[in-house]
There are 2 protein chains.
Amino acid sequence: MNKISKKLLQIIADFTDEFRGAFNIRENGECAGRRSTPNIRIETKEGAPGLVIHISSEAQKETVYIPACVTHGGVDDLVYNDFYVGAGADVTIIAGCGVHTGSGETARHNGIHSFFLEKGAHVLYKERHIGTGPENGKKHIDSVTDAVLLEDSFLEIDTKQIGGVDSTLRKTTARLAARARLTVHERILTEKEETAKTYFTVSMDGEDSAVDLISRSVAKGASRQEYHSRIMGNCRCSGHSECDAILADRGTVNAAPELFAGCMDAALIHEAAIGKIAGEQIIKLRTLGLTEAEAEEKIIEGFLRA
Amino acid sequence: MNKISKKLLQIIADFTDEFRGAFNIRENGECAGRRSTPNIRIETKEGAPGLVIHISSEAQKETVYIPACVTHGGVDDLVYNDFYVGAGADVTIIAGCGVHTGSGETARHNGIHSFFLEKGAHVLYKERHIGTGPENGKKHIDSVTDAVLLEDSFLEIDTKQIGGVDSTLRKTTARLAARARLTVHERILTEKEETAKTYFTVSMDGEDSAVDLISRSVAKGASRQEYHSRIMGNCRCSGHSECDAILADRGTVNAAPELFAGCMDAALIHEAAIGKIAGEQIIKLRTLGLTEAEAEEKIIEGFLRA
């Protein structure tokens, strides 16, 4: 594994010198290390680049790491990762992606994820995205996530794009059976000429299923962000979505959330707020000795942490 | 004017036996009465069916009535109404539409409205829509509204679809100059197999312009409603939209509000809530002696009045 990979892994997956438990490290489209455990079996996918990850019902409070790095330009990495999560399993998946290029050439990671959660399974899926390296050389991270949640399962998606990604396009779809729950917590920071687009489509098909989508955006520089969501309540269910955005400089945000209630027992709520940092917040922090720029940074940091 | 028209006018425009001030009554595509006043001149539009209404700056706290009725099947009424509202004028426009058919044939009213509000003009535009007559015979009311609001002008649109309209499609667009304000308060009740679709597109182009869209829907029976809005904040401005819907029976609602902030000084907020009437509300009214059906009716009445 090269030095840039190590640095990226540190940022996206808290990597020090090793991972505990199951892991697979993807480096420029190749496998740079892998370990299965008795309850988490990581296999090479047949017929397409990527992994098939079998998590057995016995996996309880286990973690699997599957970070991916692109460390130079001229790489267009495409990976398919399929997760089969057994009934009642309880796992954390750490799946960040770091893209670096300093050559002037484009570096790109494209991840296609499928989740199959058996009854009562619980998955916390954490994903940090970052781009590094000088400006000459575009960094792109795109992802498609498709999740099937069987009865009583619970999928928590926690994603964060820290910075330096020139463009990202994320499409997430999920279908929920009875009493299944999906929560998505997305935070995206863009600056310069970066663009970020996210699409969520969630179909609640089983009684008492629930979804909670929370998106927080910061658009600085001349960056542009788009948020689209479509929550469909086709039965007795509850859905909530919230998208808040902070604008700075010449950043722009488009928020387009959609709620469809196809049943009178569907309860759906949406909230959105877009604006700049309130002047009073800046003044308050300046009285504590911070410069205006420091105050702004602190506020944005807090906003994206929450 | 025929009896059905009189009845419809009573419902949509509080008509008793005459209107005070300026008015034009449209009955099955013909003019059934008109009066101009010194400050409000109503003229026949040239080259297309409809009216050109000139409201002078001198019009202060005046009202103009321009209701339209379709009283039998086989009518497909199309009307263009252009409103030129002088600087500083302050008027109320009562513009309801009633459609009746009992013949089994379709009755349709299609209204295309253009508003030009000069600097500082204030217009309250009130519109009630209703369909009456037996079920054999469809009633359709469609409308397109395009508004240009110059500096410091204020347009209040207050619309209510009371019931009996098989399908409605409403498209409203507005462009706001500096300090112009637009408020829209829309209430739609659908039942049986009725459908209602509304689209709002508002572009805030002048500093300190503001928009407030409030939509309240009740979808009963097997009716279907769609709400789409797009608020664009292209400068320092504020926008708020809110769509609340009550579902009953097999009614469905799709709410798709979109916010675009193209400037860091645009402050945009959206809220939406869709659901059925809370059980506690029904219980509370039942303890006061109402039946369940009466309680439901009371709650819906209050919801659409607010």
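For clarity, every value in this text was computed on a predicted model and none was experimentally measured.

Draft legend 1. Geometry of the overall build of chain A. When helices and strands are tallied, chain A shows three helices and 21 strands. Seen along its three principal axes, the alpha-carbon backbone of chain A occupies a region of about 55 × 55 × 35 Å. Across the 306 residues of chain A, 54% fall into the buried class. Of the contacts made within chain A by residues no fewer than 6 positions apart, 81% connect residues no fewer than 24 positions apart. Accessible surface for chain A amounts to roughly 12800 Å². Of this, 50% is attributable to carbon and sulfur atoms. Within chain A, one finds 36 positive and 45 negative side-chain charges whose respective centroids are separated by 3 Å.

Draft legend 2. Spatial organisation of the packing of helix α2 (residues 279-287) of chain B against helix α3 (residues 292-305) of chain B. All names here are of chain B. Closest axis-to-axis distance for the α2/α3 pair is 9 Å, and the angle between their directions is 115 degrees. Helix-helix and strand crossings are classified by hand; for α2 and α3 the assignment is right-handed. Here Q281, I282, L285 and R286 of α2 lie close against α3, whose contacting residues are E292, A295, E296, K298 and I299.

Draft legend 3. Geometry of unusual backbone geometry. All names here are of chain B. Unlike most non-glycine residues, N28 shows phi in positive territory, near 50 degrees. Mapping N28 onto the fold places it in the loop between β1 (22-27) and β2 (30-35). Positive phi outside glycine occurs at K61, with the angle close to 55 degrees. Summarising the element assignment, K61 is placed in strand β5 (residues 60-65). Since its relative accessible area comes to 70%, K61 is described here as exposed.

Draft legend 4. Region of the structure containing the side chain of N81(A). For N81(A), the position within the fold is in strand β7 (residues 75-85). Aside from chain neighbours lying at most four places away, what touches N81(A) is G50(A), L51(A), I66(A), I112(A), H113(A) and S114(A).

Draft legend 5. Spotlight on the domain arrangement of chain A. Residues and elements named next belong to chain A. As assigned here, chain A comprises domain 1 (3-278) and domain 2 (279-306). Distance between the C-alpha centres of domain 1 and domain 2: 28 Å. With 15 residues of domain 1 at the interface, the matching set in domain 2 holds eleven residues. Summed over both partners, the interface of domain 1 with domain 2 comes to about 1100 Å²; 71% of that surface belongs to carbon and sulfur atoms. Interface area lost by domain 1 to domain 2 is led by R216, I277 and A278, which between them contribute 49%. Linking domain 1 to domain 2 there are zero salt bridges. The tally of links from domain 1 across to domain 2 stands at five residue pairs in polar contact (both at pLDDT 80 or more). Counting only elements with at least two residues in the side of domain 1 that touches domain 2, the list comes to β15 (181-190), β17 (209-219) and β19 (237-247).

Draft legend 6. Structural context of the interface of chain A and chain B. Tallying the contact residues gives 30 residues for chain A and 30 residues for chain B. Of the roughly 2200 Å² buried between chain A and chain B on both sides combined, carbon and sulfur atoms contribute 51%. The interface formed by chain A and chain B includes two salt bridges. At the boundary of chain A and chain B, one finds 14 residue pairs in polar contact (both at pLDDT 80 or more). Every element with two or more residues in the side of chain A that touches chain B is listed here: β20 (252-261) and β21 (266-275) of chain A. Class assignment of the residues belonging to the side of chain A that touches chain B gives a composition of 18 nonpolar, six polar and six charged.

Draft legend 7. Local environment of the relation of the copies chain A and chain B. Once turned by 180 degrees and shifted 0.0 Å along the axis, chain A lies on chain B with an RMSD of 0.0 Å. The relationship between the two copies is best expressed as a two-fold rotation axis. Rotation axis and chain A: the residue whose C-alpha lies nearest the axis is E271(A), separated from it by 2.3 Å. Interface residue correspondence from chain A to chain B reaches 100%, placing this contact among same-surface, isologous pairings.

Draft legend 8. Representation of the layout of surface pockets. Residue and element names in this part refer to chain A. Put simply, the largest pocket is a space of about 300 Å³. Sorting the residues of the lining of the largest pocket by element identifies α1 (3-13), β11 (122-132) and β13 (154-163) as the ones contributing at least two each. When residues of the lining of the largest pocket are assigned to their parent elements, the largest contribution, three residues, is made by β11. Split into classes, the residues belonging to the lining of the largest pocket amount to five nonpolar, one polar and nine charged.

Draft legend 9. Representation of the nonpolar core within the structure. Counting 100 residues, the largest nonpolar core has I93(A), L182(A), I55(B), I93(B) and L182(B) as the members making the most contacts within it. I55(B) has contacts with N39(B), I40(B), V64(B), Y84(B), V85(B), G86(B), A89(B), V91(B) and I93(B), leaving out every residue within four places of it along the chain.

Draft legend 10. Inspection of the UniProt feature "domain: SUF system FeS cluster assembly SufBD core" (unreviewed entry) in chain A at higher detail. The residues that UniProt annotates with the feature "domain: SUF system FeS cluster assembly SufBD core" (unreviewed entry) are residues 85-303 of chain A. Helix makes up 10% of residues 85-303 of chain A and strand 62%, with an end-to-end C-alpha separation of 32 Å.

What counts, and where the lines are drawn
The residue numbers shown here count from 1 along each chain, following its written sequence. Whichever chain is written first becomes A and whichever ligand is written first becomes 1, with later ones labelled in order. Per-residue local features of the predicted model are confined to residues with pLDDT of at least 70, and side-chain atom pairs are confined, for both listing and counting, to 80 or more; whole-chain, interface and lining totals are unaffected and use all residues. Water and hydrogen atoms were dropped before computing side-chain values, which therefore reflect all heavy atoms in the structure. Here a helix means four or more residues in a row that DSSP labels H or I, a strand means two or more in a row labelled E, and each is numbered from the N terminus. Relative accessibility under 20% of the residue-type maximum defines a buried residue, over 50% an exposed one, and the middle range a partly exposed one, all with a 1.4 Å probe and only protein chains included. Contacts are assigned to residue pairs with any non-hydrogen atoms lying within 4.5 Å of each other. Each accessible area value is a Shrake-Rupley result obtained with a 1.4 Å probe; residue values ignore everything except the protein chains displayed when judging cover. As used throughout, the charge tally considers Lys and Arg to be positive and Asp and Glu to be negative, leaving His and the chain termini uncounted. Where a charge lies is defined by one atom per residue type: Lys uses NZ, Arg uses CZ, Asp uses CG and Glu uses CD. Only the stretch in contact is used when a helix axis is fitted, and all axes are lines through C-alpha atoms; the angle between N-to-C directions ranges over 0 to 180 degrees. Here is the rule for handedness: rotate from the far helix to the near one, and if that takes an anticlockwise turn smaller than a right angle the crossing is left-handed, while a clockwise turn gives right-handed. The split of the chain into domains comes from an automatic or database domain assignment. Take the accessible area each of two parts loses on contact, using a 1.4 Å probe, and add the two losses: that sum is the buried area. Definition used for salt bridges: Asp or Glu carboxyl oxygen within 4 Å of a side-chain nitrogen of Lys or Arg. For this analysis, a polar contact is any N or O atom pair within 3.5 Å, provided that within protein one partner can donate a hydrogen and the other can accept it, and provided that sequence-adjacent residues contribute only side-chain to side-chain pairs. Residues were grouped as follows: Ala, Val, Leu, Ile, Met, Phe, Trp, Tyr, Cys and Pro as nonpolar; Asp, Glu, Lys and Arg as charged; and all remaining residues, including Gly, as polar. Residues below a pLDDT of 70 in either copy are left out; the C-alpha atoms of the rest, at least 70 in both, set the least-squares superposition of the copies. Points on a 1 Å grid over protein atoms alone make up a cavity when a 1.4 Å probe fits among them but cannot get out, and a pocket when they form an open set with protein on both sides within 12 Å along at least five of seven lines; lining residues each have an atom within 4 Å of a point. Grid points are joined across faces, edges and corners, and a volume is the space filled by probe spheres set on the points. Buried Ala, Val, Leu, Ile, Met, Phe, Trp, Tyr and Cys residues form a nonpolar core when they are joined through side-chain atoms within 4.5 Å. UniProt positions are given in the numbering used here, feature names are shortened, and annotations may be inferred rather than shown by experiment.

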